[in-house]
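# Descriptive analysis of the structure
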Amino acid sequence: MSETSKNVITVRGLTKSYGATSVLKGVDFSVARGEVHALLGGNGAGKSTMIKIITGAAWRNAGDIRFFDSEGSERSEADGRAKVAVVHQELALLPHLTVAENIALPHHRSGAALFRRAAAAGQAYDALRMIDQDFAAKSLYRLVGSLSLHEGQMVEIARALSSGAELILLDEPTANLTTLETERLFAVLRRLTRDTGLSVVFVSHRMKEIRQIANVCTIIRDGRTVVDRQPMEELTDAGIIEKMGQVAASHAPERALRPDYRSDASAAADTIAIEEAGFRLELSPGTVLGVAGAPAGPAALIEALTGAARKKRWTVARAGWPDQLRSPRKAARMGAGYVTGDRANKGVLHSLPIIDNVMASRRVTRGALLAGGSEGGECLDLLKALKVKAASVWDLPSTLSGGTQQKLLLARWLGLPSRLLVLEEPTRGVDIGTKREIYQLIRQMATSGTVIVWWSTENVELLEVCDRVIAFDTEGRCAGVMDRDDFSEEKLATLTGMAA
Ligand SMILES: Nc1ncnc2c1ncn2[C@@H]1O[C@H](COP(=O)(O)OP(=O)(O)OP(=O)(O)O)[C@@H](O)[C@H]1O
């Protein structure tokens, strides 16, 4: 068997332009059977565009894509594509159908296929239990619209597995998963690649996970392949970051930026207290509180902090605030900012231009409905602070890469004099270099007295940047609060019920 015929796919010299913008300038990429291949690159490097071309969702201008079967014989592009499944950052599920129906969808591509409910449920169950037996048993007939983001992600991965794919492209698959779910997913991927010869392409900006799961990597930078199929053990983290063109940004966040508000007499008045039965936590101005754990606990706290809670579990108290923040609008007016983790459905305003997306919070908090003359300049400054490159502030967000859209949500609250800023996975999909910059920005916002409450499924970043971390167990109960002095990954994993 020749070197190429061990591959499931070989891509050579791929180019792609959108109008005058050249996005791919000659990408080479190949994946061998049975490997987990990390596809790396900064935001906007061209990873998603290449994936779209491979799956047929976008046209290429030039370049060669060849697919192979397990014998090494070349397949037609149509046959090859039929063996490729992709799970995008934004899920592609039909909310009004059940889990089983969503997973069964690819089995009914052929016009002649009959939809048999029992068979569909069987196929869905088989796929889902490869990921999570318990979830498979309980969720087959639930409507997808009622699932949490991470449950939806599991359904998408199960659908890819059940479609008979030989190559699965996972675009940031762990972004919504907890540590334990991530480990489970990795165990599944390892088993499938080893036992069935499945090939996995793994796009991620989480270096620790990349190291855990990938055997080999390709790095794309500014539309070109700069590292082509290199074993992971031959590259250091610093080497990878440098190849991505992000070396300058890879320093630790400045923790010293935090002032000691506790000695300030006005601090008591500005302190925010969060309270539920038998538990109270006071957050002095300038505190960065990390929130860790499976979604149920963090979600309830965040709903209370952002004025969206329907149940009265938490009280949020601050001098001058009403007992309950009764609506998101009221919370925003009171100086409570919020960056949602559900970028696609609750964050990005898809049909409005970049400027409206960035200036939205400023318009609400300032009470201005019409764009002022200075908005254009202010928007450009915010984009610059987050290194967002956009051809025009009047372009739609869909012309930006996923990670860059995430930066728009953060830009919304950047520099606003908030008393409280609630962040849900603010670095989701953001590249390694920019993550570091966001850590700095979070610390800077805290320096101005803002209390930051930050939920992340990436425990390492919480421990690196926060002053305190509140941990929730898998049932959504508060399991404890850790102070900086006793931070440890093991302890946090135990408190959140996610120790391996
Ligand atoms: N429809 C479009 N029109 C114009 N430009 C586009 C369009 N889609 C993507 N681009 C541009 O193509 C470039 C590559 O985007 P792509 O989504 O492939 O990046 P990426 O490497 O996947 O980034 P990320 O890590 O943020 O997901 C970006 O500069 C983006 O702005």
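Residues numbered from 1 in each chain as written. Predicted model: local features only at pLDDT ≥ 70, side-chain atom pairs only at ≥ 80, totals over all residues. Heavy atoms only, no water.

With that settled, the discussion passes to the overall build of the chain. Counting its regular elements, the chain contains 19 helices and 19 strands. With 500 residues in all, the chain has 54% of them scored as buried. Within the structure as shown, the chain displays about 21500 Å² of accessible surface, and the carbon and sulfur contribution to it stands at 51%. (Helix = DSSP H or I, 4+ residues; strand = E, 2+ residues; numbered from the N terminus. Buried < 20%, exposed > 50% of the residue type's maximum accessible area, 1.4 Å probe, protein only. Areas by Shrake-Rupley, 256 points an atom, 1.4 Å probe, with all protein chains shown as cover.)

Turning next to empty space enclosed by the protein. Per the stated rule, a full pass over the model turns up two cavities of 30 Å³ or more. Estimated volume of the second largest cavity: approximately 40 Å³. Looking at the second largest cavity, the residues that line it are Ile131, Met154, Ile157, Leu177, Glu181, Arg184 and Leu185. If you list the elements that add at least two residues to the lining of the second largest cavity, you get helix H6 (149-162) and helix H7 (179-196). The biggest single contributor to the lining of the second largest cavity is H7, with three residues. Residues belonging to the lining of the second largest cavity are distributed by class as follows: five nonpolar, no polar and two charged. (1 Å grid on protein atoms, 1.4 Å probe; cavity = no way out; pocket = protein on both sides within 12 Å on 5 of 7 lines; lining within 4 Å. Points joined across faces, edges and corners; volume = space filled by probe spheres on them. Nonpolar A, V, L, I, M, F, W, Y, C, P; charged D, E, K, R; others polar.)

Counted by the stated rule, this structure contains four aromatic pairs. Centroid distance Phe279 to Trp314: 6.0 Å. Interplanar angle 90°. Geometry classified as edge-to-face. Of the two residues, Phe279 is situated in strand E12 (residues 279-283) and Trp314 in the loop between helix H11 (296-305) and strand E14 (315-317); the sequence distance between them amounts to 35 residues. Here the two residues Phe279 and Trp314 agree in accessibility, since each one is buried. Taking the centre distance of 6.0 Å and the plane angle of 40° together, the rings of Tyr439 and Trp454 count as tilted. Here Trp454 lies in strand E17 (residues 451-455) and Tyr439 lies in helix H17 (residues 432-447), a separation of 15 residues in the sequence. A relative accessible area of 4% places Tyr439 in the buried class. Judged by its relative accessible area of 0%, Trp454 falls in the buried class. Here a set of aromatic residues connected by ring pairs shows up, and it is made of Phe279, Trp314 and Phe472. Seen from the ring of Tyr18, Lys16 lies directly overhead, with NZ or CZ sitting 4.9 Å from the centre. (Phe/Tyr/Trp six-rings, centres within 6.5 Å; stacked < 30°, edge-to-face > 60°. Lys NZ or Arg CZ within 6 Å of the ring centre and 35° of its normal.)

What follows is about the site of the ligand. Among the 17 residues in the neighbourhood of the ligand, the closest are listed as Lys47, Ser48, Thr49, Thr399 and Ser401. Between Gly46 and the ligand, the recorded distance is 2.9 Å, taken from a backbone N or O atom to an oxygen atom. A distance of 2.6 Å separates an oxygen atom of the ligand from a polar atom in the side chain of Ser401. When the ligand sits alone it has 640 Å² of accessible area, and the protein chains cover 82% of it. In terms of residues, the shell around the ligand owes the most to one element, helix H1 (residues 47-55), which gives three residues. Class assignment for the residues of the shell around the ligand results in four nonpolar, 12 polar and one charged. Per-domain counts for the shell around the ligand show at least three residues from each of domain 1 (4-247) and domain 2 (255-495). (Near = heavy atom within 4 Å. Polar contact = N/O pair within 3.5 Å; in protein donor to acceptor, adjacent residues only side chain to side chain. Domains from an automatic or database assignment.)

Looking now at the side chain of Ser199. With respect to the helices, strands and loops of the structure, Ser199 is situated in strand E8 (residues 199-203). The class of Ser199 is buried, set by a relative accessible area of 0%. Within the local environment of Ser199, its side chain forms a polar contact with the backbone oxygen of Ala32, the two atoms lying 3.0 Å apart. Discounting residues that sit within four places of it in the chain, Ser199 has contacts with Val8, Val31, Ala32, Arg33, Gly34, Glu35, Glu166, Leu167 and Ile168. (Contact = heavy atoms within 4.5 Å.)

The next subject is the sheet that holds E12. Strand order in this open sheet of three strands is E12-E11-E14, and the pairing throughout is antiparallel. Edge positions in the sheet fall to E12 and E14, since each of these pairs with one other strand and no more. Ignoring which end each strand starts from, the neighbouring axes of this sheet average 15° apart. Across five bridges, the pairing between strand E11 (residues 272-276) and E12 is antiparallel. Bridge pairing links Glu275 to Arg280 in E12. (Pairing = 2+ DSSP bridges. Axes fitted to C-alpha atoms, helices over the stretch in contact; angles between N-to-C directions.)

Here the focus is the nonpolar core. Grouped together as the largest cluster of nonpolar side chains are 50 residues, with contacts concentrated most on Leu40, Ile103, Leu128, Leu161, Cys217 and Ile240. When residues of this core are assigned to their parent elements, the largest contribution, six residues, is made by H6. Once you skip the residues sitting within four places of it in the chain, Leu161 turns out to touch Ala127, Met130, Ile131, Ile168, Val188, Leu192 and Leu198. If you look at the next biggest cluster of nonpolar residues, it comprises 43 residues, including Val393, Leu400, Ala411 and Leu462. (Core = buried A, V, L, I, M, F, W, Y, C linked by side-chain atoms within 4.5 Å.)

A word on the layout of surface pockets. In this structure, the second largest pocket spans a volume of roughly 1400 Å³. Lining the second largest pocket are 49 residues, with Tyr338, Thr340, Asp342, Lys346 and Glu424 sitting closest to its centre. Elements that contribute at least two residues to the lining of the second largest pocket include exactly H6, H11, helix H12 (328-333), strand E15 (336-339), helix H13 (343-347) and helix H14 (354-366). Broken down by class, the residue content of the lining of the second largest pocket amounts to 24 nonpolar, 15 polar and 10 charged. Split by domain, the residues of the lining of the second largest pocket number at least three in each of domain 1 (4-247) and domain 2 (255-495).

Turning our attention to the pairing of strand E19 (residues 478-483). Relative to E19, strand E18 (residues 468-472) is paired through five bridges, and the arrangement is antiparallel. The residue of E19 that forms the bridge with Val469 is Met482. Between the antiparallel neighbours E18 and E19 lie five residues, among them Gly476 with a positive phi of about 90°.

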